[in-house]
Structures are given as structure tokens and as C-alpha cells.
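Results of the structural survey
Below are the chains, spelled out letter by letter.
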Amino acid sequence: MLKNYFKIALRNFGRHKLFTFINIIGLSIGISAALVIYLIVYFDFTFDKNFKDSDRIYRIVSNYTWAGQPGYNRGVCGPLPEAVSTQVSGVAISAPFFSLYQPNVLIATKSGAPIKFKLQDNVVLADERYFELFSYTWLAGKPKTAFNGPNQVVLTTDKAKKYFPKLSYNQMLGHVVMYDTLSTTVTGIVEPLKGNTDFVSSDFISYSSAQNNNKLKNTLRPEHWGGTTPASQLFIKLSANTTVAQVEKQLNEILKKHNPPTASNKGNTRSFALQPLNDVHFNDLYGTFYGGRTANKTTLYGLFAIALFLLLLGCINFVNLTTAQATQRAKEIGIRKTMGSSRVQLIVQFLSETFIITLFAVIISVVIAPLILKLFQDFIPAGIKLDILGQPDLIVFLLLLTVVVSVLSGFYPAILLSGYKPVLILKNQASTNSNKTRNAWLRKSLTVTQFVIAQFFIMATVLVSKQIYYVLHKDLGLKKDAIIIINSPWKTRTESSNQVFLNKLNALPQVQLVSVGKDAPASDNGNSTEATYRDGKKEIKMELGEKFGDQNYINVYKIKLVAGRNLQPSDTSKAFLVNETYARAIGFKNPSDAVGKYVDNFNGDVKMQIIGVVADFHAESLHAPISPIAILTENNHYNNGTFHIALKPQSGSNDWKEAIAAMEKSWKEIYPEDDFEYHFFDENIARFYNSEQQTSTLLNWATGLSIFISCLGLLGLAMYTTSQRTKEIGIRKVLGASVAQIVTLLSTELVWLIVLAFVLVTPLAWYAMNKWMQSFADRTTISWWIFILSGAGMLLAALFTLSFQTIKAAIANPVKSLRSE
């Protein structure tokens, strides 16, 4: 019987090739989107799921409020790990670790010349508690003895093979690995964690190594309760029956004891909180283990919605076209019922036809999915791949998807077709008025739904593009173009090497001005510190962002000085510039009134004088409001390692290329062992909005595909409608109707459906876009023309699609149509 069903299905497909093609294409687009998005969503939602008792594992994070503005840090202060171990009840395991920033690694060799591995990532200080909390497989050494003293290191297999490629894991034990100036002995080899994880550390140096190493001790600051660094993190495992609230209460009581709030600090708060392990990969307020990529649940749910909508569009096409052709199969159904077929058998037959079409669409989707992944590889997370044989979950997903799509697409047409009464069918009365009305109403409703979805995507795409254009072209209060940023190597730079490179840059004819400092005015990186202003009556204590530069810094970036004077080399550690926001925050509406005032407790205990006030500029993305900022100069080469180079306008097409080539040549003379890297400042600004630009790209594709699927279905309906009205069109032409009148007749109903969809979608789109725009502190307006343009664009696309069939029908010779009828 099943074999017979498949034969009938294939014959029916061959009889209606075009409609079958439209159905397969519509479903394959939706299924391809669903498949790729499943891979992305599954990848992110399976992070760090393999740990025992993961629901009891938390990271302690720091929350702040400064002048009403919230702040977040994934790190904790230096003394907290010890305090948690000795003073907090309800904690089964506490595992601190500290990330070391890109140490150079030296491996001794028998030949005498050590092998150097530059700037190694994923190096941390940790101890046996870390391995008790997170389950690693040990291949050499023992967890109980691997960290029983300072200057010991445990390596993952990938790093072990990199450092000692010719030794077995057991032979590696006892060998020396030098991290900058810290000499360590290998005491263990472990496998990297399996599955998707943010825990990618590869070199675990014993935490106790900091006890006898002043540099590490000063970095950890184990006695300083006032500072927080994201490099110092603390994970804990709660005891059974212990609540988050109980532990948080104890943590904040300890903080209050060691760093009590003062009356002058009113409105500024600091507290510890517990972040669940399953939130680490998704919470960009704190970032991941190393502050790397975080996934956004809202984005993932949005991707899921896009896949669902595209699938729905394909299913709607199938239902519309199948029900439209119902009468053409009426006699077949009548004869089958007369010969004894039951309604259930007919339903199974029609569902089997839908299943075959869906199966073809799934096969096409599996074939083109790798091409889609390659097309979007710039913003699809690394590690996502399509491996049918190696991913059993993917096979299950495809099977479920095939069944669900088959049922969604085929159930109603199967019920409709199998419900025809054989007596009426064989009397040519299959299509009663009630059936016609019901089927037409369904097709119209589904068509409106299609165009609601398509127009929503168009409106969202236009607005997102408008906002991205706005943020990239808005006046940020500083110059963005023609500025090159070069970071000198922080491990090898000196005051003299910086000065030599500066002299060579100033000598280049293409260079207008050079400033030496630290981060650019707008960047992802940034320091901040507490600062207190006292006016004799009250104290105003708040977080103050720091930007380091010399006297050329504000001139390179064209930051306007509105009061006072510019920085001078003699201002180091005693004077600085502040922005208008900080001047207002400490009570000065007129910027000039703030000049000459002193700020206490800057960076601990330094007293600084305000020598000038600069106009406000955006130091972060437009998601955040402008915050208080200080610009200061220092002699410390650590804070003077970045060169900000303003270029002259190009007189020829290769001026800047020649300048960059000359910079690289000078770099190699001064830093021969370090790679030359540079970037333009406007790239910093663009990076702020990577997420939005990726969203825009996805919306562009979703919009294009939704329009394509909708218009494909519209074309199929137009073809069916014109074939059903062939005789009417012929009679109208004989009676004098023009081509334009015939086209209008055939298009009017569908045009009104698109207009109705526009009316329905506009308030929905406005609400959704308004919610999305709330994430920006500074944003463009939701203009009325966005909706008009989107509706008009959809209408034109639909009319263009309809024109292929309606014009063809309108210009046909009426004699032929009437003769055939």
C-alpha cells in the first residue's frame, strides 16, 4: 500500500511540476534556515553542561553604582578568596584563579639555546580546588600533589605537546617552564575539557607562587579590599540546601566590615553577587571566563523566531497551493472513495505526498547548509559545523523537523481533500459554495500572514540600518578619520625606544601630529578609579574614567578645550583635564569655574588639580551615556605605549600606504622581534556595533528570503487564479476590456490583502522597534517614512511578481481561450 502511495505521489508531482517546485523551494529555504540556526543555538546552549552539580556552581561577581550609573565586573578584590574559605559557611568548594596577561614562555633545551614562545594566552594561577570543582582527566601527575608548593605548573595536552613535542606525558614531569621571570616545574598533564566550554585555560601555575614573587603579589593585591580586577575570579560550589541569598548576605557583610561606606559616599554602592554557571556564557555585563565571546539569549531567540517564520512561510505556500488545486483532484478522490478507500487511507496518502516533498526539501537543505555556514563564517562562532554522522542530536532534529513540517503543511489539505463526498464529486459538484468560501477565506488569511511577516522584516531591516548609519556618522565630540593607532610591545618597550619611534614618526611627511599615551578616547579598554571632590561642605565621591595622553592627545583627536589650559609634561601626577560631565557632577555648571579646583584620593591617595575642561565626547558606544572622564599624562612607559598618529589628507592614492610602510620599517629597526600591527581609530568605533551589524546582515537575508518565498507563493496563486478565470478573461476581452483593466481585475484582490497586512503589521513593528531602540542611550528617530517605504516596497515587489502572470493572461488571444473552454 505504501508503495502505491509513493507511486501516486510521484505521478502527481510530475503532473504539477511548477507547483511542486514552488513547494520544495519554499520549504527548503525554511528548513535550511532552521538547520543552520539549530546548529548555532545548540552550540551556545550546550556550553559548560558537563560539570557535576553544575546547578550549584556560581561565580562571585562585583556590582557597583557610581553617581546613579551601574557598573559590573566579573572579578573580585584580592582578599576575598581567603575570606570565603575561612569565613563563609555553606560553601563546599571555593576555587580562585588569576589570569596572567600573555607571558613569554621559555623552554630549556640540551643545546643550550632556549625555545621561546611569545605572548601565550590562557595562563592562570590556580590550585587543587579548581580541579576539584571542574573535572579534568589526568594523564600524568596527581591532583593532590600537583599544587603542594609554589612554582609548579599543570599543562593541558595541547600546550604540553607544544612545549615538549618529543616527550611522553610522564617524561614531561619535572621539566622547567619559564613564564617571563617565573620559573616553574611541570607537575601534571591533563586533557582539555570536552564539549563546548568557556574554560579554556591551558597553563595552571600554583596559586601559592605569588607568596614569594613580589611582582605577582603586587598584581594579586591580597590585602587590598578597595580594588577589583577582572583577572581575579572566584568560583564556588554551594553546599546542599544552601541558598544564594544566604551566601550573598555573608559576602556583603564581609565587604562592609573591611570597606565600610561613608556618609560622603551616599548614592555610590558596591556589592558582591553570585552568578550561576549557566549564565556565564550569556551575560555580557560580566563577560566569560576570559572576557571572550558571550552569546546573547535575545539574539538566539530572535534567530529561532526567524527560522520559525521562514518555515511558516514555506508551509503557508504549501497549504495555499494545495487547497487551490483541490478541485483538480476531486474526481480522483471520488473514484477512490467509490472503490472503497476510507478517509483515513486518503489522509495517509496525502500526508505521504507532503512527506516526500518535505524529505526532498530536507535533503536540499543538508546539501546547502555547509555553503550557508561558509557564507556567514565571519560572525558564526568558530566550532560550528555540520557533521551528520558525528552529531546524533542533529539526526534526531532533522527527523523531527521532517515530521513536524509534513504535518503542519499537509494536515489541513489532507483533511479537506479526504472530506469530499463521492456523490457530489461525480456529479461535478465538488466545490460547493461553502467549500469555496471556506477555502478562499483560509487562503486569504494565510496570504495576509505571509505578508505581515515579510513586511515586519522589511521595516526592522530599514530601522536597524538607519540606527547603524546614525551611530557610525554621529558627531562623537572627537575626530574619527585618518588616525592610526600603534601599540608598542609592552614587554620590551622602554622610554628610549618609545622616543626613538616617536622621532621617526614625526619625521614622516605624511604625518600631521603624533601623541603618545595609552588607549584611544573611544575604545573597548579603559581604566577607572575612585576620586573625591570636597567643596568645604560636602564630599562627592565617584568613579572617574582615565585616559592617558600627552599634550598632543586632545589635538590629535580634535577634542575641544572649553576652559583652562592643555596638558604639559610637568603636569604628571599632579594635574589633569576633566570633561564637562564631571565638572557638572561636582557642582559646576560653568566649566571655567571648575578650573583650579582639586580632586582628592585619585588612584588611592593622589591629589590632582583640574587645569582644564574639555567638551564631552563619547568614550563608549552609544548604548551607554557619557560618563565622567579625566585625561592625564604620565612618565610611566606602561601608560605611554600607544602612538596616536594623525595623518595629513592624501594628495595621492598611495600616500597613506607609503606612510604605513615607512612606519613598519622603523618598527622593525627598533623592535625586530615583535610583529608590526596597526589599526585605524574609526575601526574602534565600528567594533562597538559588531552585534548590530551582524543583526542587520541577518535581517537583510531574512527579509530577502521572506519576500522571495511570499512572492513565490503569490506567483503560484496568480497562476492558479488566471487558469480558473481563463473563460471570464476571454469574454471580457471580446466585450472590449483593455489589458490594463484585465491586469487590474486580476491584481486588485491580492493588492488589498497586502494593504491589510501593512495595516496589521505597522503597530507591531513600531512596538518591537521601539523596544530594541531602548538599548541605545543616543538613538535615531523611528520615522514615519520607514513604514511607508516598507509597505510600498512590498507592494511593488508583489505587483512585479503578479505582472508575469497577469499580463500574460491579459494579452492572450481570447479566441484561443474561448475555443479551449
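**Let's talk about the overall build of the chain**
Across its full length, the chain holds 26 helices and 24 strands. Scored against the burial criterion, the 821 residues of the chain give a buried share of 49%. Here the analysis covers contacts within the chain between residues at least 6 apart in sequence; of these, 80% occur between residues at least 24 apart. Split by element, the accessible area of the chain, about 39200 Å² in all, is 58% carbon and sulfur.

**Considerations on the packing of aromatic side chains**
All told, the structure shown has 34 aromatic pairs when counted by the stated rule. With 5.5 Å between their ring centres and 25° between their planes, Phe-131 and Phe-147 make a pair best called stacked. Of this pair, Phe-131 sits in helix H4 (residues 128-133) while Phe-147 sits in the loop between strand E7 (138-140) and strand E8 (152-156); the two residues are 16 residues apart in sequence, bridging distant segments of the chain. Since its relative accessible area comes to 7%, Phe-147 is described here as buried. These aromatic residues form a ring-pair network of at least three members: Phe-51, Phe-97, Tyr-130, Phe-131, Phe-134, Tyr-136, Trp-138, Phe-147, Phe-199, Phe-204 and Phe-235. Lys-297 extends its terminal NZ or CZ atom over the ring of Phe-282, reaching a point 5.0 Å from the ring centre. Across the ring face of Tyr-598, the terminal group of Lys-607 is positioned such that the distance to the ring centre comes to 5.1 Å.

**Regarding the pairing of strand E11 (residues 203-206)**
The alternating pattern of E11 places Asp-203 and Ile-205 on one face and Phe-204 and Ser-206 on the opposite face, and all of these are buried. Bridging between E8 and E11 involves 3 bridges; their strand directions are antiparallel. Looking at E11, one finds that Val-154 is bridged to Phe-204.

**Some words on the packing of helix H2 (residues 17-45) against helix H12 (residues 343-375)**
In the contact formed by H2 and H12, the axes pass within 7 Å of each other and the chain directions differ by 50°. Compared by their axis directions, H2 and H12 come out oblique. Judged by the twist between their axes, the crossing of H2 over H12 is right-handed. For the pair H2 and H12, the contacting residues are Thr-20, Asn-23, Ile-24, Leu-27, Ser-28, Ile-31, Ser-32, Leu-35, Val-36 and Leu-39 in the first and Ile-357, Thr-358, Phe-360, Ala-361, Val-362, Ile-364, Ser-365, Val-366, Ile-368, Ala-369, Ile-372 and Leu-373 in the second.

**Points about unusual backbone geometry**
At Leu-119, a position not held by glycine, the phi torsion is positive, near 50°. Of note, Leu-119 is situated in the loop between strand E5 (115-117) and strand E6 (123-126). Here Leu-119 falls in the partly exposed class, since its relative accessible area comes to 38%.

**Looking at the pattern of salt bridges**
Under the counting rule described, the total for this entry stands at 9 salt bridges. With a closest N to O distance of 3.5 Å, Arg-56 and Asp-53 form a salt bridge. Through salt bridges with shared partners, one network takes in Asp-53, Arg-56 and Lys-237.

**Comments concerning helix H25 (residues 784-811)**
With 28 residues, H25 should reach 40 Å at 1.5 Å per residue; the first-to-last C-alpha distance of 39 Å fits that figure. The largest bend in H25 comes to about 45°, at Ser-803. Along H25, the residues that are buried comprise Ile-786, Phe-787, Ser-790, Gly-791, Met-794, Ala-798, Thr-801, Leu-802, Gln-805, Thr-806, Ala-809 and Ala-810.

**Comments concerning a nonpolar patch on the surface**
A contiguous nonpolar patch, built from Phe-355, Leu-359, Phe-360, Ile-363 and Val-367 and spanning about 430 Å² of accessible area, is present on the exposed surface. Checked against the element boundaries, Val-367 lands in helix H12. Residue class for Val-367 comes out exposed when judged on its relative accessible area of 56%.

**Let's talk about the sheet that holds strand E23 (residues 642-647)**
Spatially, E15-E23-E14-E24 is the arrangement adopted by the 4 strands of the open sheet, whose pairing is antiparallel. Strand pairing shows two members of the sheet lacking a second neighbour, strand E15 (511-517) and strand E24 (679-680), which therefore form its edges. Bridge analysis of E15 against E23 gives 6 bridges, and the strand direction is antiparallel. Bridge assignment links Leu-513 to a residue of E23, and that residue is Ala-646. Across the sheet, helix H20 (residues 655-670) is in contact with strand E14 (483-487), E15, E23 and E24; its angle to E14 comes to roughly 15°.

**A few points about the side chain of Ser-232**
If you trace the backbone, Ser-232 turns up in strand E12 (residues 232-238). Residues within four places of Ser-232 in sequence aside, it is in contact with Arg-74, Gly-75, Val-76, Phe-97 and Phe-98.

**A look at the packing of helix H24 (residues 739-773) against H25**
One can describe the packing of H24 onto H25 by two numbers: an axis separation of 9 Å at closest approach and a directional angle of 160°. Judged by the inter-axis angle, H24 sits roughly antiparallel to H25. Pair H24 / H25 crosses with right-handed handedness. Each residue belonging to the contact of H24 with H25 can be placed in one class, and the counts come to 22 nonpolar, 4 polar and no charged.

**Quick notes on empty space enclosed by the protein**
The full count for this structure, using the stated rule, is 4 cavities of 30 Å³ or more. Taken as a whole, the second largest cavity encloses approximately 50 Å³ of empty space. Surrounding the second largest cavity, Asp-44, Phe-45, Phe-47, Asp-48, Lys-49, Leu-277, Asn-278, His-281 and Phe-282 form its lining. Those elements that place two or more of their residues in the lining of the second largest cavity are H2 and helix H9 (277-280). Here the lining of the second largest cavity is built from residues that sort into 4 nonpolar, 2 polar and 3 charged.

**Quick word on the confidence of the model for the chain**
Averaged over every residue, the pLDDT of the chain is 81; the share at 70 or more is 89%. A low-confidence stretch, residues 430-434 (pLDDT under 50), is modelled with 7 contacts involving residues beyond four sequence positions or located in other chains.

**Examining the environment of Lys-665**
Topologically, Lys-665 is positioned in helix H20. For Lys-665, a relative accessible area of 58% translates into the label exposed. The spacing of Lys-665 and Phe-676 is 11 residues in sequence and 9.1 Å in space, taken between C-alpha atoms.

**Quick word on the environment of Thr-722**
Within the secondary structure, Thr-722 sits in helix H22 (residues 690-724). With 83 residues separating them in the primary sequence, Thr-722 and Gln-805 have C-alpha atoms 7.6 Å apart.

The rules behind the values
- Residues numbered from 1 in each chain as written.
- Predicted model: local features only at pLDDT ≥ 70, side-chain atom pairs only at ≥ 80, totals over all residues.
- Heavy atoms only, no water.
- Helix = DSSP H or I, 4+ residues; strand = E, 2+ residues; numbered from the N terminus.
- Buried < 20%, exposed > 50% of the residue type's maximum accessible area, 1.4 Å probe, protein only.
- Contact = heavy atoms within 4.5 Å.
- Areas by Shrake-Rupley, 256 points an atom, 1.4 Å probe, with all protein chains shown as cover.
- Phe/Tyr/Trp six-rings, centres within 6.5 Å; stacked < 30°, edge-to-face > 60°.
- Lys NZ or Arg CZ within 6 Å of the ring centre and 35° of its normal.
- Pairing = 2+ DSSP bridges.
- Axes fitted to C-alpha atoms, helices over the stretch in contact; angles between N-to-C directions.
- Parallel < 35°, antiparallel > 145°, perpendicular 65-115°, else oblique.
- Left-handed = near helix turned anticlockwise from the far one by under 90°.
- Salt bridge = Lys/Arg side-chain N within 4 Å of Asp/Glu carboxyl O.
- Expected span 1.5 Å × (residues − 1).
- Bend = angle between axes of the 7 residues up to and from the residue.
- Patch = residues over 30% accessible without salt bridge, like charges linked within 9 Å, V, L, I, M, F, W, Y side chains within 5 Å.
- Nonpolar A, V, L, I, M, F, W, Y, C, P; charged D, E, K, R; others polar.
- 1 Å grid on protein atoms, 1.4 Å probe; cavity = no way out; pocket = protein on both sides within 12 Å on 5 of 7 lines; lining within 4 Å.
- Points joined across faces, edges and corners; volume = space filled by probe spheres on them.
- pLDDT = per-residue confidence, 0-100.

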